[in-house]
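Take a look at the letters that make up each chain.
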Amino acid sequence: MLTWRLASIFAGSFMVCALLVLTQRWHGRHSLDHDLAGVQKIHAKPVPRIGGVGLAFGLIIAVIAGYLTGGATYPTTLLLLACATPVFLTGLAEDLTKKVRVRTRLLASFVSAAIAIWVLDVRYTNLDTVLLDALIQYPVFSVLFTVFAVGGVTHSINIVDGLNGLAAGAVSIMLAGLATLAWLHGDMLVMKLCLWGIAAMGGFLLLNYPFGRIFLGDGGAYLAGFWLAQCGVMLVERNPGISAWALMLVWIYPVWETVFSMYRRRVRDGVETGQADLGHMHQLLYQRLRHKAQTQARPGPEWREHGLASAVIWGITGACQIFAVIANDKTLYSFSCVLLFIFVYCWLYQLLSPDTTRQHQTPIQAANI
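Residues numbered from 1 in each chain as written. Predicted model: local features only at pLDDT ≥ 70, side-chain atom pairs only at ≥ 80, totals over all residues. Heavy atoms only, no water.

Here we take up the environment of Asp-133. Its location among the elements puts Asp-133 in helix α6 (residues 132-135). Not counting chain neighbours up to four residues away, the residues in contact with Asp-133 comprise Asn-126, Leu-127 and Asp-128. A distance of 3.1 Å separates a polar atom in the side chain of Asp-133 from the backbone nitrogen of Asp-128. (Helix = DSSP H or I, 4+ residues; strand = E, 2+ residues; numbered from the N terminus. Contact = heavy atoms within 4.5 Å. Polar contact = N/O pair within 3.5 Å; in protein donor to acceptor, adjacent residues only side chain to side chain.)

Right under this line is the structure:
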C-alpha cells in the first residue's frame, strides 16, 4: 500500500511537470524564465519556472490516495498543504509576474509558519541550548522562534535553488534524513510525510536533473522548504529524544548558505542582502567546473557541470544526514558536527572564492562575480 501511494505521488508530479514542459509555448509568456541577463542566471535558454505546480499536485495526490486507502496521514498532509498555501501562491505569483519582492515572499513564509502553529499546534519547546531553553518555555518566545526558524528554512531553499536538481535533490536528501530519524524513533506520521515529499520531488527531478527542462521556481522552492521545515519541527517536538542540534545538522547546508550570504553581502561587500549575485557556493563550484572543461577543450553542454556541481553538494548534504542520524540524541556531538560543517564550508568557499578563481575566469565571469 505504501509503495502504491509513493508511485502515484511520483507519477502525478512527473505528469504535471511533463505537461507544463510540452505546453510551454502556450503559457511561456508568463511561465518562462526570460531574464537570462540577470547576474545570477547561468542557464542558456528560457525554461519554465513553474515546476512547483507539479510538486503541489504530487502532494495533493498524497492526500487523495491516503483518503481512498483509509490511511492515517492524509488529514495532516491536507492541513500541512493548506498551511503552505500562502507561501506557495506568493512564490508562484513571482514565477508568473516577476514582480513580487523578496521581503514579501519572506513575509509569506512567516505567515505560513504562523498558520501551521495555529492549525497543527506544533512549535519549539526545547532547543537543547543553555538560556534559550529557559526562554522557549514562554509561549510568546516559543511562537516567535518557531515562526522565525520555519520561515528561515523555507526561504533558504529558494536561496540554494540555482543549479539543475540542486534544491530538489538537497531537499529530498534532507527529507530522507528526517524520515530515517522518524523511523528510528517509531514516528510513522512524520516518516510518511517525508516520503510523500521525496516522491513528489522525484517526479519533478526526472525532468529537472540534469538537463533542466523545468525549474522549481519560487513557488516550488518555497513549498519544498516549508515541507522540509515543518517535518523537522514536528519530528523534534513529537520525539524529545532527538536533539534540536541534530535537526540543525539536517538543515545545515541551506541554513548556513543563507547566513553566510547575508554576511557576505551586507558586511563584506556592503550591498543589500537581497541583491542577486554569483557568489553562492554552488555558483562558484559550477564556474570552476565549467572553466576546467573549457581549458581542456571539451566544454560540451552546460548541463554536465550543473549535474556535477549539484552532485558534489548532494554528497556533502548526505554526509550531514549520516552524522545527524548517528548523533541524533547527542547534543554535543551534533553541535560539533554543525561546527565542522561550517569550517569545511568556509574552507571550500575560500578555495573557490573570486579572489582565488579570478585568474582562471574570463573578464565577463570575473565581472559578474
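Tallied over the entire structure, the rule returns two cavities of 30 Å³ or more. One number sums up the size of the largest cavity: a volume of about 80 Å³. Forming the walls of the largest cavity are Tyr-253, Met-281, Ile-313, Ile-316, Phe-341, Val-344, Tyr-345 and Leu-348. Looking at the lining of the largest cavity element by element, the count peaks at four residues for helix α14 (residues 331-352). Grouping the amino acids of the lining of the largest cavity by side-chain chemistry returns eight nonpolar, no polar and no charged. (1 Å grid on protein atoms, 1.4 Å probe; cavity = no way out; pocket = protein on both sides within 12 Å on 5 of 7 lines; lining within 4 Å. Points joined across faces, edges and corners; volume = space filled by probe spheres on them. Nonpolar A, V, L, I, M, F, W, Y, C, P; charged D, E, K, R; others polar.)

Evaluation of the coordinates by the stated rule reveals seven salt bridges. In this structure, the salt-bridge partner of Asp-95 is Arg-49, at a minimum N-O distance of 3.1 Å. Taken together, the residues Asp-95 in helix α4 (residues 74-97) and Arg-49 in the loop between α2 (24-31) and α3 (52-68) connect sequence positions 46 residues apart. For Arg-49, a relative accessible area of 9% gives the class buried. With a closest N to O distance of 3.4 Å, Glu-305 and Arg-304 form a salt bridge. On the accessibility criterion, Glu-305 (4% relative accessible area) is buried. Here the salt bridges do not stand alone but share partners, grouping Arg-49, Asp-95, Arg-105 and Asp-218 into one network. (Salt bridge = Lys/Arg side-chain N within 4 Å of Asp/Glu carboxyl O. Buried < 20%, exposed > 50% of the residue type's maximum accessible area, 1.4 Å probe, protein only.)

With respect to the element layout, Arg-264 can be found in helix α11 (residues 244-268). Setting aside its immediate chain neighbours within four residues, Arg-264 contacts Asp-269, Asp-277, Gly-279, His-280 and Tyr-349.

A word on unusual backbone geometry. In this structure, Pro-210 follows Tyr-209 across a cis peptide bond, with omega equal to 0°. For Pro-210, the position within the fold is in the loop between α9 (188-208) and α10 (217-238). Non-glycine residue Lys-98 carries a positive phi angle of around 60°. Structurally, the position occupied by Lys-98 is in the loop between α4 and α5 (102-120). A relative accessible area of 33% places Lys-98 in the partly exposed class. Even without being glycine, Leu-131 reaches a positive phi, approximately 75°. Note on placement: Leu-131 falls in the loop between α5 and α6. The exposed category is assigned to Leu-131, whose relative accessible area is 66%.

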